[in-house]
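Here is what each chain is made of, one letter per residue.
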Amino acid sequence: MFDVAASNLTSPAVLAFAIGLVAATWKTSLRLPQPVGALLSTYLLVAIGFKGGVALKHTPLADLWGPALATLALGIATPLIAFAVLRNMGRFDVQDAAAIAAHYGSVSVVTFTAATTAAVAAGLSPESFLPALVVLLEVPGIAIALLLAQRDAAGDIRAACREAVAGKSVVLLAGGVIMGTAASATAVTSVEPLFVALFPGMLTLFLLDLGAMTGERLTEVRKAGSFLLGFAVTIPLAFGTLGLMAGMAAGLSPGGTAILAVMAASASYIAAPAAVSIALPGANPALGLSASLGVTFPFNLVIGIPLFLAVSQAIG
């Protein structure tokens, strides 16, 4: 585990995140201009989906249905568990509990990408169709969490569910999968320099910006309260364990099992906030975002990814 952790922590992408985070605490903003950040996020989503679509085209259905069902099961179970913990143990009101559960029932695409990079660096060969599973995990967690608050919500649940299904991140991921699946071998080769060769550098720049954004939100994290801070660390471990069990049950390789665990352990900070803002206007938007981006995301980069990779290799 320590070798994997050292390799992950010294990767350019993770170091860029740390530089942005530290610089923000020194009141030095390394935030990229908003259009540049939007371009990078668009690129990453399309590239991830495209590579998943190319792999999906060559994946037999018999190899896919098990992991797909396991992913959907995680997408249903995680928001239900998170909501129950937040309501019964954290004593959050319905809207805040549902809003936070939506973040933790969904998935962080950037965490998934960092986990994939770490798995390959560790000598593993995760299934190449895993990006397609990200699409499956993105939507159910948000939709179920919002439906839990339906009786008490003053917002538009239908509009929020449409946002969850047709939001930018989901459309870009799904669009990338469709492009990769439909593209000919010649067409795939022609865009490989963009979607494959440039990907690590683009991810590094994006994480630099994300680190700076996280550093700017540290004050909100401190204000969130001790229970939410503990939740943001323990729930990823619990959900990651469920992901390990689901990956093994679905017959994924050790690398694929570890990545599914990281997907389950991650929390959304792009798609979920957009849907929550529509459906739950009475919820405190800082709670879910500060917990997912300020605590869970760096926790997974530093501890979660190396831990789940090590456990998956040990039991695989």
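Residues numbered from 1 in each chain as written. Predicted model: local features only at pLDDT ≥ 70, side-chain atom pairs only at ≥ 80, totals over all residues. Heavy atoms only, no water.

## Considerations on the overall build of the chain
To keep things clear, this is the line we draw: Under the DSSP-based scheme used, a helix requires at least four consecutive residues in state H or I and a strand at least two consecutive residues in state E, with every element numbered from the N terminus. Only the C-alpha atoms count toward the radius of gyration. The rule for a globule is 2.2 Å times the residue count to the power 0.38. Using a 1.4 Å probe on the protein chains alone, a residue whose accessible area is under 20% of its type maximum counts as buried, one over 50% counts as exposed, and one in between counts as partly exposed. The contact definition used throughout considers only heavy atoms, calling two residues in contact when any of these lie within 4.5 Å. Note on areas: Shrake-Rupley with a 1.4 Å probe; residue coverage comes only from the protein chains shown.
A tally of regular secondary structure across the chain gives 16 helices and zero strands. For 316 residues, the compact-globule formula gives about 20 Å, and the C-alpha radius of gyration of the chain, at 18 Å, lands near that figure. In terms of overall dimensions, the chain has C-alpha extents of about 50 × 45 × 40 Å along its principal axes. By residue count, 55% of the 316 residues in the chain fall in the buried class. Here the analysis covers contacts within the chain between residues at least 6 apart in sequence; of these, 88% occur between residues at least 24 apart. Summed over all atoms, the accessible surface of the chain reaches about 13100 Å², with 69% contributed by carbon and sulfur.

## What about the nonpolar core?
Operational definition: For the purposes of this section, nonpolar cores are sets of buried Ala, Val, Leu, Ile, Met, Phe, Trp, Tyr and Cys residues that join through side-chain atoms within 4.5 Å.
Counting residues in each nonpolar core, the largest one holds 96 residues, and the members touching the most others are Tyr104, Leu210, Met263, Leu280 and Phe297. Element by element, the count of residues in this core is highest for helix 16 (residues 285–315), at 10 residues. Ignoring any residue separated from it by four or fewer positions in sequence, one finds Met263 in contact with Ser106, Val107, Phe112, Leu133, Val134 and Leu137.

## Side note on the packing of aromatic side chains
Cut-off, in case you're wondering: Only the six-membered ring of Trp is used, alongside the rings of Phe and Tyr, when aromatic pairs are assigned; centres must lie within 6.5 Å, and planes under 30 degrees apart are stacked while those over 60 apart are edge-to-face, with the rest tilted. Working rule: Lys NZ or Arg CZ, within 6 Å of ring centre, within 35 degrees of ring normal, means a charge sits over the ring.
Following the criterion strictly, the structure yields seven aromatic pairs and no others. On the numbers, 6.3 Å between centres and 40° between planes, the contact of Tyr43 with Phe199 is tilted. Of this pair, Tyr43 sits in helix 3 (residues 34–57) while Phe199 is found in helix 11 (residues 199–216), placing the two residues 156 residues apart along the sequence. Across this residue pair, the class does not change: Tyr43 and Phe199 are buried. In this structure, Lys51 is placed above the aromatic ring of Phe199, and the distance from its NZ or CZ to the ring centre is 3.8 Å.

## A look at the packing of helix 3 against helix 9 (residues 168–182)
Under the convention used in this document: In this analysis an axis means a line fitted to C-alpha atoms, helices contributing only their contacting stretch, and an angle means the value between N-to-C directions, from 0 to 180 degrees. Roughly parallel covers angles under 35 degrees, roughly antiparallel covers those over 145, roughly perpendicular covers 65 to 115, and oblique covers all other angles. Helix crossings are classified by the rotation of the near helix relative to the far one: an anticlockwise turn of less than a right angle makes the crossing left-handed, while a clockwise turn makes it right-handed.
Two elements in contact, helix 3 and helix 9, have axes separated by 6 Å at closest approach and are oriented at 40°. The pairing of helix 3 with helix 9 is recorded here as oblique in orientation. Considering how the two elements wind past one another, helix 3 and helix 9 form a crossing that is right-handed. Within the contact between the two elements, helix 3 uses Ala38, Ser41, Thr42, Leu45, Val46, Ile48, Gly49, Phe50, Gly53, Val54, Leu56 and Lys57 and helix 9 uses Lys168, Ser169, Leu172, Leu173, Gly176, Val177, Met179, Gly180 and Thr181.

## A look at the side chain of Ser108
Short version of the rule: Two N or O atoms form a polar contact when they lie within 3.5 Å of each other; inside protein one atom must be a possible hydrogen donor and the other a possible acceptor, and for residues adjacent in sequence the pair counts only when both atoms belong to side chains.
Its place among the elements puts Ser108 in the loop between helix 5 (94–105) and helix 6 (109–121). Classification of Ser108 as buried rests on a relative accessible area of 2%. One polar contact links Ser108 to Thr111, side chain to side chain, over a distance of 2.7 Å. Those residues in contact with Ser108 that sit more than four places away from it in its chain are Ser266, Ala267, Ser268, Tyr269 and Phe297.

## Looking at the environment of Met179
Position of Met179 among the secondary structure elements: in helix 9. For Met179, a relative accessible area of 41% puts it in the partly exposed group. It is 9.0 Å that separates the C-alpha atoms of Met179 and Val46, two residues lying 133 residues apart in sequence. In this structure, Met179 is in contact with Val46 and Phe50, ignoring residues within four places of it in sequence.

## Re the packing of helix 11 against helix 16
The test is simple: Put simply, Ala, Val, Leu, Ile, Met, Phe, Trp, Tyr, Cys and Pro go in the nonpolar bin, Asp, Glu, Lys and Arg in the charged bin, and everything else, Gly too, in the polar bin.
Packing of helix 11 against helix 16 leaves a shortest axis separation of 10 Å and a crossing angle of 125°. In this view, helix 11 runs oblique relative to helix 16, as classed from their interaxial angle. Relative to helix 16, the crossing made by helix 11 is left-handed. Seen from helix 11, the contacting residues are Leu207, Leu210, Met213 and Thr214; seen from helix 16, they are Leu293, Gly294 and Phe297. Across the contact of helix 11 with helix 16, the residue classes break down as five nonpolar, two polar and no charged.

## Side note on helix 2 (residues 12–25)
Worth spelling out the cut-off: By this rule the span expected of a helix is its residue count minus one, scaled by 1.5 Å.
Between its terminal C-alpha atoms helix 2 stretches 20 Å, which fits the 20 Å expected from 14 residues at 1.5 Å a residue. At the exit of helix 2 stands Lys27, carrying a positive phi of roughly 65°.

## Overview of unusual backbone geometry
Here Lys27, not a glycine, exhibits a phi torsion of approximately 65°, which is positive. In this structure, Lys27 sits in the loop between helix 2 and helix 3. With a phi angle near 60°, Arg91 is a residue other than glycine that sits in the positive phi range. By the secondary structure assignment, Arg91 is in the loop between helix 4 (61–88) and helix 5.

## A closer look at the pattern of salt bridges
Pairs may arise between side chains of opposite charge once their charged atoms sit close together. Definition in use: Here, a salt bridge means any side-chain nitrogen of Lys or Arg that lies within 4 Å of a carboxyl oxygen of Asp or Glu.
Going through the model one piece at a time under the given rule, you end up with two salt bridges. Arg31 serves as the salt-bridge partner of Asp209, at 2.8 Å between the closest nitrogen and oxygen. Of the two residues, Asp209 is situated in helix 11 and Arg31 in the loop between helix 2 and helix 3; the sequence distance between them amounts to 178 residues. In this structure, Arg31 and Glu216 form a salt bridge, with 3.6 Å as the shortest nitrogen-oxygen distance. With a gap of 185 residues between them, Arg31 in the loop between helix 2 and helix 3 and Glu216 in helix 11 connect regions that are remote in the sequence. We classify Arg31 as partly exposed; its relative accessible area is 33%. A residue is classified by how much of its surface remains accessible, and Glu216, at 45% relative accessible area, is partly exposed. Because the salt bridges share partners, they merge into one network encompassing Arg31, Asp209 and Glu216.

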